Structure formats: C-alpha cells, structure tokens
Protein chains: 6
Amino acid sequence: MAILTFGEIMLRLQPFGYKRFMQAEAYEAVYGGGEANVAVSLAQMGEQVKYLTGLPDNRIADKCVNVLRGFGVDTGAIVRRSGRMGIYFCEKGCAQRASEIIYDRAGSVAAGLTLADVDVNAVLDGVEWFHVTGITPALSDGVAELTLALAKAAKEKGITVSCDINYRKKLWSREKANKVMTELVKYVDVLISNEEDVKDVFGIQAEGSDITGGRLSAEGYGKVAREVMKRFPGVKKTAFTLRESISASVNGWSAVLCEGESVFKSKNYVIDIVDRVGGGDSFGAGLIYALKNGYSNAEAIEFATAASCIKQTVEGDFNIVTVAEVKRLAEGDGSGRIQR
Amino acid sequence: MAILTFGEIMLRLQPFGYKRFMQAEAYEAVYGGGEANVAVSLAQMGEQVKYLTGLPDNRIADKCVNVLRGFGVDTGAIVRRSGRMGIYFCEKGCAQRASEIIYDRAGSVAAGLTLADVDVNAVLDGVEWFHVTGITPALSDGVAELTLALAKAAKEKGITVSCDINYRKKLWSREKANKVMTELVKYVDVLISNEEDVKDVFGIQAEGSDITGGRLSAEGYGKVAREVMKRFPGVKKTAFTLRESISASVNGWSAVLCEGESVFKSKNYVIDIVDRVGGGDSFGAGLIYALKNGYSNAEAIEFATAASCIKQTVEGDFNIVTVAEVKRLAEGDGSGRIQR
Amino acid sequence: MAILTFGEIMLRLQPFGYKRFMQAEAYEAVYGGGEANVAVSLAQMGEQVKYLTGLPDNRIADKCVNVLRGFGVDTGAIVRRSGRMGIYFCEKGCAQRASEIIYDRAGSVAAGLTLADVDVNAVLDGVEWFHVTGITPALSDGVAELTLALAKAAKEKGITVSCDINYRKKLWSREKANKVMTELVKYVDVLISNEEDVKDVFGIQAEGSDITGGRLSAEGYGKVAREVMKRFPGVKKTAFTLRESISASVNGWSAVLCEGESVFKSKNYVIDIVDRVGGGDSFGAGLIYALKNGYSNAEAIEFATAASCIKQTVEGDFNIVTVAEVKRLAEGDGSGRIQR
Amino acid sequence: MAILTFGEIMLRLQPFGYKRFMQAEAYEAVYGGGEANVAVSLAQMGEQVKYLTGLPDNRIADKCVNVLRGFGVDTGAIVRRSGRMGIYFCEKGCAQRASEIIYDRAGSVAAGLTLADVDVNAVLDGVEWFHVTGITPALSDGVAELTLALAKAAKEKGITVSCDINYRKKLWSREKANKVMTELVKYVDVLISNEEDVKDVFGIQAEGSDITGGRLSAEGYGKVAREVMKRFPGVKKTAFTLRESISASVNGWSAVLCEGESVFKSKNYVIDIVDRVGGGDSFGAGLIYALKNGYSNAEAIEFATAASCIKQTVEGDFNIVTVAEVKRLAEGDGSGRIQR
Amino acid sequence: MAILTFGEIMLRLQPFGYKRFMQAEAYEAVYGGGEANVAVSLAQMGEQVKYLTGLPDNRIADKCVNVLRGFGVDTGAIVRRSGRMGIYFCEKGCAQRASEIIYDRAGSVAAGLTLADVDVNAVLDGVEWFHVTGITPALSDGVAELTLALAKAAKEKGITVSCDINYRKKLWSREKANKVMTELVKYVDVLISNEEDVKDVFGIQAEGSDITGGRLSAEGYGKVAREVMKRFPGVKKTAFTLRESISASVNGWSAVLCEGESVFKSKNYVIDIVDRVGGGDSFGAGLIYALKNGYSNAEAIEFATAASCIKQTVEGDFNIVTVAEVKRLAEGDGSGRIQR
Amino acid sequence: MAILTFGEIMLRLQPFGYKRFMQAEAYEAVYGGGEANVAVSLAQMGEQVKYLTGLPDNRIADKCVNVLRGFGVDTGAIVRRSGRMGIYFCEKGCAQRASEIIYDRAGSVAAGLTLADVDVNAVLDGVEWFHVTGITPALSDGVAELTLALAKAAKEKGITVSCDINYRKKLWSREKANKVMTELVKYVDVLISNEEDVKDVFGIQAEGSDITGGRLSAEGYGKVAREVMKRFPGVKKTAFTLRESISASVNGWSAVLCEGESVFKSKNYVIDIVDRVGGGDSFGAGLIYALKNGYSNAEAIEFATAASCIKQTVEGDFNIVTVAEVKRLAEGDGSGRIQR
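Note that the coordinates shown come from a computational prediction; the quantities given were computed from them, not determined experimentally.

Calculation rules
Residues numbered from 1 in each chain as written. Chains lettered and ligands numbered in written order. Predicted model: local features only at pLDDT ≥ 70, side-chain atom pairs only at ≥ 80, totals over all residues. Heavy atoms only, no water. Helix = DSSP H or I, 4+ residues; strand = E, 2+ residues; numbered from the N terminus. Rg over C-alpha atoms; globule rule 2.2 N^0.38 Å. Contact = heavy atoms within 4.5 Å. Least-squares fit on C-alpha atoms with pLDDT ≥ 70 in both. Polar contact = N/O pair within 3.5 Å; in protein donor to acceptor, adjacent residues only side chain to side chain. Buried area = accessible area lost by both parts, 1.4 Å probe. Salt bridge = Lys/Arg side-chain N within 4 Å of Asp/Glu carboxyl O. Buried < 20%, exposed > 50% of the residue type's maximum accessible area, 1.4 Å probe, protein only.

K.L.:
Hey, could you run me through the overall build of chain A in this one?
P.N.:
Each helix and strand counted, chain A has 11 helices and 15 strands in total. Here the C-alpha radius of gyration of chain A, 19 Å, is about what a compact globule of 340 residues would show, namely 20 Å. Along the three orthogonal principal directions, the C-alpha set of chain A runs to about 50 × 45 × 45 Å. Sequence-distant contacts in chain A: of pairs separated by 6 or more residues, those separated by 24 or more amount to 69%.

Structure below.
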C-alpha cells in the first residue's frame, strides 16, 4: 500500500558555496518542494510512494521527473502540460548573515491545477497514507479545492491523512489560510507544525518563546497540542519541530509529539548546518515512516528528529539517508566517527 | 550624444559545456536580450549608451544591473518594481545536434511596461541614436505602444532610428507582427534583418535560398532591400545577415548592406562556434558604431560582420571585444595567431 | 510488452575536458555499459525496458540504480550482493591524440553471476525482445552460460533476440569468442556488428577496407552479411556500423542494414565528436526501436544512424535524446539551427 | 556630494575552498584593496563614490574597472598607463591553520603615481568626504606626497577626512610610518585603527591586551583614544576595531567609537568566518556611511560593526550588503533565520 | 640517511564538498595510504624518504608516482607490474552525519607483493629509520611475510623501527592480527596506537574511556603503555593519539608519549575538521621527525600533535605543512591570525 | 648522462575554457617556460634532466618546484631567494579570435640571476646536452652573460648545445637580439627556429611565405638553413617548425630538419588545437630525444613533429606524452581511434 503526497515542486537555483546572489555567475540546480521532499524521503526509506503535481511539458521538467523517479518515486500521476514550473532562488547564509530565498513561482502549471485535472478516486487507489502541507492549498483557489477534495476522499476511504501547516505569508493572508486550513485540518489525523505556524494560522500560541533570540522554550507545547486537538477532534497526534536559530551556521533542533495528554520529546541536536531547507519535510517523512511501521510514539519522535537532523547536513531539499543511518543516530551515536 | 536602446533583458541559464538539460546539475548564469546586447557592445566600443527596460526590485535583477553598469551602460532609466524577470534556458548544441532554447519569460516586469511608466521626452534627452528590435513590441500591447511612442518621438527629434526585425514566432503571430512592425518601421532609418524575418513579417522574399540545407544564396538581397525601401521610404539603409548553418558547430557568416541601388557585401567567415546567441545583436551594434563614426558603407559592413564573427567565439550574449580587435579582423587577419 | 537487456554496467571515471590522466585532479563520474546504454536509450524513447545485471550492495551501486531508474529503466531484476562494481577510466582524445580507456573491471559482481543467480523464466516474463552484446558472455564462463540460457529460452518463447558482437580482446581470445558466439548467434534474429568484429570473431571479412587510414569502404557489406546469414540461418537482419576515424575529433559515421539480398545504406554523417563512447549501443537501441515499431528497413537504418549520430554529441555513455529529435535529423535537418 | 577614496587595488588570487597554495591548480580571482573596498561598500549603500588609483592599460585592469563600475563606483579619475597591477595571493586558513597572504605588488602603476599624475583640485571637486588608509602613503614616496597633498587640500576645502592607520610592516618601517602618518593625521577628522596599529605607528598602547591569546581587553580604549586626540587635535572621533582570533575559523568582533570623553562600544559578534579580509575596510565604510547620514555615535558604532560582521561572511574583499541587512543585524537579529 | 616506509597507496575518490555518494556526479581524486602519508609528511619536512609499494603499470598509477615524487619522495623502489591499484571512496561527513569510506582494494598489485618481489637488503641500504603500519601485513599473507622480513632485517641492521598498529577489521580478524602483529612488534622501537587498536589487537585496555560518547579519558594511558612495553621489551617509546569525536565537524585531538615510567601529554586541540583522514599518519610522521632530530619527549609529543592538528585542516590524505608552521602552533599560536 | 636546460619558468594564469579576460572570475594555474617545457618533455620520455632557473622562496614557487619534480626533473640546481616569479596571463582564442598573452614578468628572481649566482662547472657536471632558447638571454644583461658562459663552457666540455631562437620583441630589440644571439649561436650544434625568428634576429629570410595568410611555403627552407650554417659554422643541424595558422582553432603543423645539403621534411598535421602554447618547445624536446637516442634525421624530424603535434592537444605548457604514443603517431596512426 502506497503513500501519496500532493504539492508543487520547483527548480531551486543556488549560488555555489557561500556566494551571494550579487556574486552568482552560476547556480547549482536541484528540485524541491514540501511534499516532493517528503515523497523522496519515504521512497529512500523503502516505502512505495506516489507523488501528484503539475509540471510543464519541457525538458526542465523532464529532468525533474527523472530525478524523482531515480529516487524511486512513482511519477505516473503527474499532470504534464504547456506552461512553466516554479523556480526559487536560494542564497545560503552563514553566521549572522541569513539565508535568502527569492520566489519566482507565480503562474506555474502546478498552481494552475484544478479538480478537473485529477481523477481523485483513481489517484487514491491503493493508497493508505495521504500527506500534504499548507503550501499546496495556498497556491490558488483551484489547488485549494483539489486539496480539500483529496483530503476528504481520503478520509472517507479510511486513508490516514497527515498535514504540515507550513504557513507561507507570501502566498496567502492569515485570514485566508485560517479559513482554508480550518476546513482541511478537519480531515487530518496527524498534524505537524512549528510554533510560529500554529500561531499564525490558528492563533494558538506557546508561551515563553522568543524566536529571534534563538531560544525556543519547549514548555507549553503539550498545552498547544491539546488546544489544537480540541479544536480539531479528528487530529490524533500533533508534532512540533523546535528550531533554535543560534546563527545561520548553527541551529538547535528537536521535536515533540503529543497524543492525548502525553508529550514525547526528542533529544536536542546542535547542528552545523549544511542545508536547512527541507528540514521540516524530512521530519514529516520520518514521522510518517515511523508511525506507518509501528514505532511507539517515543521511538517515532526520536526517529523523525534524527532523520531531520541528518537532512540538515545534506545539500539540497531532499533527505538522502538510509533507515540504518537514522537509527544509528536516533540510538545515540552522534559522534560522527568515520564509517569504514 | 548618447545611444538609447530599449527592450527586455533576461537571465540566461545554460548547462555547463555540452551538457544537455537532462544532465544539468548546475547552470551558468549570464544576462542577455537583443537591445541589452547592443547596448553592451556599443559601450565596450566607447560609446555613451543608455538602456531602457523594466526589472524587478530583487537581487537577481540587481546583479543584472551590476553587470550592465560594469560594461559602462547607463542604467539610470531602468524601471524597477515588484515582479519577476524573464528567464531563458539555453542548451548548447554540437555538430548535428541543435541548440535548444526554452523561454520562461511570461509575466516579466519588462513585458508589463506601458507608456505610463516612461517619460518619453526625458529618456530621449541627449540621445542621437535610438535602437530597438522586433522582440520588444512583441512582448505586450503596452510595450508595443511604448515602443511606437519612442520611435515616433525619436523621429520627430531627428534622432536616427535603427531596428532589427528579429521575428519571434512564440511571442506573436505573423499577422500581428506585420501590423505593428509596419507602423514601427515607418520611423526607422536603418533596418536590419535576415532573410527569414523579412519574409515572415513583411512577406518579402529572397530567391534561391534554402535555409535548412545550410546554404543561403546572397543573390537577390539587393532586390529585397529595394523592395523594403520602396515599402518604407524612410529606411535609408538595409542590412542583412547571412548565416549558413553547416552544423551547430560550424557556421558561415556574412552580411550585406544596401543603400539605394548599391549593395556592399562583407567577407564570409566560416566560424567554429563558441556561442552564436547574440550574433545578430553584435552585428547591429557594429553597424551602428561604424555608421555613427563615419565609416563608409563598405567599411561599415566589414566592421559589423567582423564584430559579429568575433562575438560567436565569445561565451554569453554580450560581444566582449575592442574596436582594435574588430578592425584587425575586418582588415583581414583571421589567422588567430597569438597576440603577445 | 517489454525489452530485456543483460550485461555489465560500470562506473566510468573521466578527467574533466581534455585533461589527460596525468593531469587528473578530479573525475567526472557516469555509469555505462553496452546493454545498459541500450536500455536507457530505449526507455528515453518511451519503451518499457528491464535491465538485468549484478551490482554490489553499496552506495556507489545504489547511485547507479538511481540513475538507471531515473531514465525509466526497470531495475527490479538486478542482483545485488557483496562485492565490487567494474570501473573504467576514460581519457578523451582530440585531433591526433587518441582517447584512452583503462579497464578495472575484474572481480565485479556482474562478472560473478551464474545461472544459479537468475530465474530465467521469471526474468523473461512479459518480454518481447531480448538484447545482449558479445561483451557479456566474455565476462566469465558463468556469465556466458547464463547468457546462452537466456538467449535459448528467449528463442523458445518466440522473443526476438538481437546481439551486437562487440569483440573485446582484453576479455577473451578470438578462439574462445568464436566458440561461445557461434553458439549464441544461433538464437539471434538481428545481428549488429562492425567490420572488425565480424572478422575477429567469425573470420568473415569485408574487402577493401583500411581502418587506420580513416576510410572504410562500404562495398562488400552485403556480401559479408550474406556470408553471416548463411552461417547463421536464424539471423534475419544484419546491420553494420561504419566509423571512419578521421581524427579523435572528427568521425564519419554511417551504417547498413542487410536483409536477404537487400542492402539499405544510411546517410553518412561527419561528426564533431563530443563523446563517441556508446555510439554503437545507441545505434543498436535505435534499430531495435525502429524495427519494434514497424519502420521499414530503409527508415530503420536512417533512424538508428541518426540516433547514434546525436549520441556522439552527448556526454556520457547514454544517448539522451527524444524520438522527435532523431526523426528531425533522420529526415534531413542536420543544420544545427537553434530550436527556440 | 561624493565621497573620494584613494589607494591601490590589487588582483587577489585564492585557491578554491580550503586548498593550500601547494594544492592550487586554479585560483579564484577577485579584486581588492583597502580604499577600493571602502568605495564599493559605500556605493552599495547608495552613496556617490569616486575612487582614485593607478592601473595598467591592459585587460586584467579593464576587468577590475568593470567590477568597480558594476558596483556603482565612479572610475573616471583612475590613471591608466603601461605597467602592471599589484597581485596578492591569499590562502584561506581554518581552525589552528592561519590564512597566508603572499604579496606580489612591487612595481605597480599605483605605486608609481606622483603628484604630477593627479589634478588635486579637480579630483576633490564635488567631494565632501575623503578617505584613505595608511597603506597608500606606504606604497612609495611619490604616493605619500600625493596622499598628503590630497589630505591637505581636502582639509582646506572643508572636506571631512577619515583615515584607517592600517600599518603594513612589509611596506615600510615603523620609523617611516611614524613620520609620514604623523603628518597625514594632522588633516584627519575621523581616525580608525586597531590596537596593534596605533601602537606600531604612534607607540600608543592599550593596557592588558594579549593578541595571540585570542582575547583583547576592551579596557583602556578610551584612554588610548584620548591620547591620540591629544597628539592630533584635529581628530574628532577615533574608532577601534577589536578582533579576537579564537581560531582562523571563529573570530570575536566588536568595536568602540570615542569622542571627547565618551566611549561607545558595540555588541560583540562571534563569527564563523567565510572571509575576513576586508573586515576592517567594511567597518570604515559603515562608519563613514553612518556619520555622513547623521547617525548618533552609539548608532554609528553598531551600524559599522554589524556591517563588518556581515562582511566576514561574504567571499572576497568587498562587503556586498544592503543598508537594510546591516540595520536588521545592528538592531539585534543575528539569528540567521531564512529571509523568504 | 633515509627513512623507509612500506605499504599500500590507493586512489581516493571523494564527492565534492559535502555531497553524498548518492549525489556524486564527479569525484575529487587524490592518493593516500598510511605509510605513503608518512613518507610525504617527512619529505615535506626536509627528510630524505624512500617509499616501497607495488603499483600497476598504467597511467593512473603513473600519476600517483608523479604526485609522490613531486613532494620529494624517492619512488625508485616501487614495484610496477600489470594489475590494478586499490581505490577507496570517501564521503565527507558533517555534524551528526558520519564520514563514510567504501573500500575497493581487493586484488591490487600492492596486496600481491611477496618476498620474491623485493631485495630486502638493497631496499634497506642507506636507511636509518623504517616505518610501517598494521594495515600493510593485513593486505595478504605474502605482504605480511615481506613486512616481517623487512622489520627483522631492519632490526638486525640497527635501523630504528616504528609501527602504527592501525587495526582494520575489514582486512583481517582480531585473531590473525594478534598473531602477525605480535611477531612484528618484536622488532619495533617506537609503537604508535590509539586506545581502540591496542585493545582490539592485543587486548590491552585503557580504563574509563567511552568512545562513542565523544569523550576519551587520558587516564590509564601510562599504564597501558607500560603493559605494552612489558609484553614487547624492544619497544622503547609508545605513543597514543586521543581523538574525541564531538561530531564529524569538530574533534578534540591530543596525544601522549610514554617512555619508561614517564608520560608526556600534549596540548588538546579542538579542531574544525576539513579532512581528518591521515590525521594519525601525520602524527606518526611528526613523531618520527621530532625523535630523529633530537627533540625531547616533551617537545616531540607537542610537535607531532601540532603537525597532526594542522593536517586535519588540510584536504587530502597528505599533511602539506612546513616545519616552521608546526613549530609556531606547537609553541602556542593557535589564533589563526593571517600570516602576511 | 643528463640534459641541462636553463631559462625562466612562469606561473601561467588562464581563464577557464574560452572565457575572455573580461569574464575571468577564476584562472587555471599551471607553470611554463620554454626551457622548463623542454625539460619536462624529456623527463617524461625517460631522460635524466636538470633544470636551472631562479625562483623566489615562497609557496607559489614551492608548488612550481613540486610540479617539475613530479615530472621527474632534477630541481636541485634551482636558485631560490627573496623576490617574485614571472606571471603570464593567457586567454585562449577560437576561430577568428586570436589567443592573447599578457606578460607580467618584470623583476623576477630568474631575470635577476647573474654569473655570480651559478657555479657553471658544477652545474654542467655529468651533462651531455645543454639546451637554451633565445628568451633566456633576453631577460637581462646578467642572464645573457650567464647564458653565454654556460654555452661556452658546455662547448669546451664537448657537451652538445642546442638553441631555439624564440625571438620575443617585448623583451629586447632586434639589434640587441642580433648582437647577443650572434655570440650565443657560435657555441650551438643544433639550431631550432621558425621562419619569422631567423628573419627577425639574423635577417635571413625564406622566400614566398605569407604568415598572416595562414599559408607558409616550405620552399627555400634548405636555402635558409645553409645560409645559417654558413654564418655559424658550428651549427651542424638546423630545424624549422612551420605553423600554418588557419585559425585559432585549426593549425597546420610540420617541420624540416636540414643537415649539410639534405633537407628532411615531416608529415603535415592539421590539428584541432587544445593548447598551442609550448608547441615549439615540445618539438625541441622531441628533436633532442631523437638525436640523443640515435634516430636518423628522417626519423628524428617525424618524431619531433609528432611529439609537438600531440602537445597541441594537451592543456598547459608541458607535453605530457609517452615515447610510445609519439611513435604510434609518427608511424602513421593519426586516426584517433580509442586505445582500450
């Protein structure tokens, strides 16, 4: 039984090394996007994964399909037609200099998808888990409608639905996000968020946190989760990632998983960052993998956090990692000693 | 007294070496566009040049401005505002494999310019030559209107107007091109074209040419020119570039300049191609330079052809060359002996 | 219905550009091998393709599987186990300096495969065409036995069998090649060779050829083909590729296809070489595609030759090309004009 | 009103990444030099900047002019003539391994400038701030004479003069530096130094500092400043940068600004170093920008220190940064969170 | 008088930067191996060094000889013959992600050396120090026999013998290692090890250490050394390196040297790792250099530790460093301040 | 018995690929100079070679020594002292665009050598062939004096002396060259030149040649040689290289060797140029190798021309080639077929 993810994948262009946009004579080119990142992670872990998106019928997108397929993702459901694919430019920060992302995603084929483009029943055939993020419905009203249709149909078919809130202020307002996400989360079983997103979209806050100061308090996460689950009774588990931005080069990283009254907290990793983009997605993938494979909540949160810790040492959006590597870290070997 | 050019400049992304799009893990990034290429060429030759376009207010466009300014182009008139800049992907061909270009230019700031964005009189202040290509009015109705306004005002102010027809079938239909260009060419003093464009846009044909066979006959160019000048009495000089595509790696390259009954033909160069994009633009720049600096027609066509021959050995859209280099080639030293 | 190919795939390491081995501070890394190259070509052309080989269970081989899968090749039948994969080092020649290949392939997992490792019936399930080259049985006695078993079983199941002789003197003697290939070709329907291989392995010669002089006569190919088909009555079609090595930088390239008394000769291409490795394999793939899709012999030889002409302008072993591109060239547009 | 800076700019050649000189098969090439770095910083911040230097009339120097002009620096006053430009080779250190710089700057056009080459009045026309460092007069007696003439004329015209002492022991002795700098600082309004330079050149010392131990005491800076201002009554403000070399990879960085009895101390940044060359120059530029634009002393020292903190995360000599970025850091967001 | 080292050198292939094997489109290529690394270090320090190994007679190995010779190593004794050279693939880790090494070394010319290939007396002619590691006898029985013959002959000739235990579990079992190394160490004067190796091979343990926790206790090293020297009375000095793997990016590094009852402990360095491979070998080289040049034990251990600290900031297996740099660090300047 | 060469070696900096100086963001760095190129060629061919020059005592020059030593050149006689080494910037041309070289060699350690720096007798000890070019005495009067002393002493010791005239107009005038070279050639046994140099320096001309037209007549070379040998009776053999610059990308290349009345002409190669710098030096090396190893004049001129043909397909100044490769080409296989 397969996992289905749905969202936009973009061409990501990044100056080499620590070069700034103003110094870029060339760009490294990878592909990435929340749900695609989750799909690739899960395929790397041995899961059967289908990925739904829209892509243009040109060679830039052919290469994207090639890359996804190479990682073992089933690309058969992707809608191809005339148009463009979204692009994002990414400049890697260091120390006190923040990374910068410039989006050039308007007018993509993915953002133009509507309910008419997808046979919802067919695409959910053979699926046991459906994952989406809050970026997808933010793309356009048509995509939002399609997302809701997929989530609703999945729910009706008994498919587990997970959602990472992932609020993007450049794509929609808080009001619109609140309205659409409130509808979407009704169908969600496993909700993933960070402190900011749950506040921005649903107005639910953790106390005592100070984001720019680089220190996030873990307290109150259980309380927030209970608040979420009260508002959305379908949500069985809520997970939060906790990033402490010490600088662009060094981040603290941990997570909590809440179910009912219980709160399971992972180890905290202090990471020398290679590429933090996709960190949250790799967490989502790790959590889905662990829960789908019968890990306990305590094991699942350690596995998901370890997976996403490693992601942040890997270049590109995708978490290229094996289950064995994740387990070794989750079980406590963060020494980085050479594996011969 | 300055030269003004007006058009769109795009980010050009090209896989390294002979890599195909399907093999691209990185792209070389340069900037280019017909009128920008002309502007840079002329600035390199020591002319005072203003370049008018629209660009977004982000760092990708800041870098573009930096590049133009570096070559000595006056970028003060460029309209900056929120939006995107056009992109084109370019895959370099070799031998029997053709180069491929994928455009992703829809919705750019440049294509959104209208008459309201530009103070036509101010931008033409201090200008003695105005150059534009047929790509510019093809961008949108608003840009077409602005182009016509600039050409008309230039004409009225006694500014020399040159235009390279440059028909792009992906941007507009032949019918529309015919309509707009017929209006535009009314204000043109120096017209530049190749055999295909004058046929596609105005239905005027050179006999005995066979484009895909890699052989273009030079005969009949004078006849075509006279036909053009009959239809557009304001046009004083008409120049044609003649590319013989022997393969993607080797091209024949020559040109003719027609004035009245006279036809001036350049030497023919057989070129090992490094980058042929921008070849026509470098010809236009060479011609403008030569005519503006009092070269005879015979000298001008040799200078312009030599300049554009060298361009095709230079990477990127821009012709990075000195007047001295062009003169040495135009005067007959194509031996490529090392200059120590 | 699928195509199956069987053989070894190696890691190919090549100094950047025209650097010699003595100058190599880094190597470009791709993967290639005769039957894998055929598989990738056919998958790019839209065919369903299975590829059978042996690979070690390490990340160098995981990457290889990722690459094959990315191009759409079904890698499910690949045998993975402890060991190494073959490597070949390739130095690109230029002009009078020949390319050099250093093999480091002994002891690979692929060369260690035996009949016991493969369920012949299962792997041929759903297959309508089986392709192999003479490199495969040369790897080891075990692999030779497996190759023969596959060919024999394919023949019995009515699967079309094609074989490219591809004699490699470093892998086996002429005597051994003669013995094994004589057995193998009994099951072959479509035989591919060049002038040298048919002579080295079967002692059948084309008259009037002078290989090192860079000129190969086309005469007598029909005669050679009839000789081949007399000795191997099962062979219905024989194709020969004709390479004229003018220099390492420029090669003539054409081919003939013989059936019964008829000889179909392709156009001759003079190619500015980017990478000639895999040229023969791309020809084989083009021929299989054309014959499988009902092309006439005359069309098939033009398609196969055009496909392999383009291959030699593409870096790496694989022919990354679309059917549309091949058709455009086969139909006569070798002008290399930019495709916008 | 413009800012003028005067000094030498060199070609900087640096092995890629952490490669040592002994491993260099290629060099990254940028341009840099104290006053050019200041000029580029200020132009990036929107100031009108003229840069005076001498450069050879070859293409290596043409590229340098192109780069400066690209950043918006007015290069019209640069003296071009036959000769060479200085070069410096830079090997990037890491951890306990120090960066190494090899100078090859003798005999440059810049070092050969004399009073006869520059029309002092013309170059100061329209200028309201003149900046120079102690490197410039160290180049040669002729350059020293020219520097003094410029400073003196600037003073007479009421132009603000700033100077960074920047003592380079390879260029001149302490005795000579003392003599020339004593004359130069007479005309200076804003003096910039670090602890070592003020001691080496003027023999004025801060107590309790231990440079190689990686800890610099902040105490006594006010005292040193008052000593400086006593000796040079024209100096109104004195700024000191305080680098704590924890290792080649990690540096502490802060600064103080002294005026009269007041001492304004900036935050201390602990920086993961990308490129520390030009750190002091970016501080100077930040200070000039802030003072010229009416910042208070407290704001100015924070702005200058934040600017130079960011510089050390940017490759090359130049500080490529916007005023907005500097302000964000100066106002306290050093978290390095992604800017989307 | 020369130093002789004997062992295998391999081609090392490493993805660029922090790329994983799955992302490798190219590999940086260097050469390395325990005893070769020692040889190069010592040659860089001005010592006369001979290096004995076996290499194939191809250009990949010619390049290896070129590299060794470039660093001043005498390669005249290297046995060249048909075959392959060992390869190892190295993926650089970061933070919690460990570096990974994949060996492909079976069947190398070096591993096939036997007593018959080397004239032991000739190769020891003019030698005053012989160094080998435990990797060499692990290559094969033939190499083990040759190693013992060299060590025994060296001992008989009064040549100082040093040995780094360097246990590699992929090459031989603990039982076999114990048997062979017990014989080898009989001839050894200076023994080098780390805590793990002495335990794995000889079963001698330091108390209170916890390797994966990233903290190694220094206590008990003297006791272990005395135990070693009791078992092997010929061993006069025993040195231990102490690596604390805080993460793949940051390691603690120190060492102790034991002679009789005395224990000399070096400073501890916390290193931002560029490349830790070859760290132990550079320590061995530093120790040999120091002892051979009459340093006291206290000086020797500081010199060797400083040398190997710097190595870990240098890319590749080899420690490219001067004696002056090592001394500067050993004497306490770890500030990493720029050397101009 | 060894070969000695004497001259300057420079750091050569070249933009990547076909980039122009104006586009250079990085330079490939190799080392080269006439006599060093000859030394490396001969060492690659198995000859014992000593190279005499002057180099600074910095790491840029240490790397140069490392490179030379790597190729097997004896660098023991090189004079090292404080100063700089010469640099030359090289921009690679293509087609009608000529390569450009910018020299920055003034004031080098090599140019500062005098008779006092070299023990002429010691350096000639064990030498049987001494080679120099006309570039060396052009460096300075001191170097000219030293060159003459070496040539004279060599002559007296019965050492064969060869000289390549290599006139460089940027280093000295024709008058000065005539005066010094007339003295030097008195001691020369084997003289190498091209048509231009013998005319520029000695005023001896070949009739019917037209250099810029890309066609050089071979007629009259015998006559020129006889004229040379009449003027310099010590010259036993005179060789001329004949380059036909068809373009920067394609050159004809052949040579003649004259002894007494006999003229031996090589095959003519039409070469797709990778790097033509050092072509003449590789010819000189090939000629020395052939004559020293007893080749007939006819064999020697074919060997030398083949060697230098291959050089022009190799990047950098040095001819990295084996005797076997040269022989294969000299014996007629210029087909460039892959060597497996």
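K.L.:
When you look at the relation of the copies chain D and chain F in this model, what are you seeing that I'm missing?
P.N.:
Each of the two chain copies can be generated from the other by rotation about an axis followed by a shift along it. Rotating chain D by 180 degrees and moving it 0.0 Å along the rotation axis overlays it on chain F with an RMSD of 0.0 Å. This pairing of chains is accounted for by a two-fold axis. Measuring from the rotation axis to each C-alpha of chain D, the shortest distance belongs to D:Tyr27, at 2.6 Å. Interface overlap between copies is the fraction of interface residues in one copy that are interface residues in the other; for chain D against chain F it reaches 100%, indicating a shared surface.

K.L.:
I would appreciate a short explanation of the relation of the copies chain A and chain D in the present structure.
P.N.:
Between chain A and chain D, the superposition needs a rotation of 120 degrees and an axial shift of 0.0 Å, giving an RMSD of 0.0 Å. Here the transformation between the copies is reduced to the relation of a three-fold axis. Rotation axis and chain A: the residue whose C-alpha lies nearest the axis is A:Gly17, separated from it by 5.2 Å.

K.L.:
Hey, could you run me through the side chain of B:Arg97 in this one?
P.N.:
The topology assignment puts B:Arg97 in the loop between strand S7 (87-91) and strand S8 (100-104). A polar atom in the side chain of B:Arg97 sits 2.7 Å from the backbone oxygen of C:Thr313. Apart from the residues within four sequence positions on either side, B:Arg97 is in contact with B:Tyr18, B:Arg20, B:Glu91, B:Lys92, B:Ala248, C:Ile310, C:Thr313 and C:Val314.

K.L.:
What is the right way to read the interface of chain D and chain F from this model?
P.N.:
It is common to report an interface's size as the accessible area lost on association of the parts. Opposite the 23 residues of chain D that make contact, chain F presents 23 residues. Note on chain D versus chain F: buried area summed over both sides is about 2,200 Å², and carbon and sulfur give 64% of it. Across the contact surface, chain D and chain F share 4 salt bridges. Between F:Lys63 and D:Glu25 there is a salt bridge, and its shortest N-O distance comes to 3.0 Å. Summed over the shared surface of chain D and chain F, the number is 9 residue pairs in polar contact (both at pLDDT 80 or more). Elements represented by at least two residues in the side of chain D that touches chain F include exactly strand S2 (10-15), strand S3 (26-32), helix H2 (59-70), strand S7 (87-91) and strand S8 (100-104) of chain D.

K.L.:
What am I meant to see in unusual backbone geometry here?
P.N.:
A positive phi angle, near 50 degrees, is found at A:Ala95, a position not held by glycine. Within the secondary structure, A:Ala95 sits in the loop between strand S7 (87-91) and strand S8 (100-104). Since its relative accessible area comes to 1%, A:Ala95 is described here as buried. One non-glycine residue, C:Asn166, lies in positive phi territory at about 45 degrees. Structurally, C:Asn166 can be placed in the loop between strand S10 (160-164) and helix H6 (174-185). Residue C:Asn166 is classed as buried on the basis of its relative accessible area of 13%.

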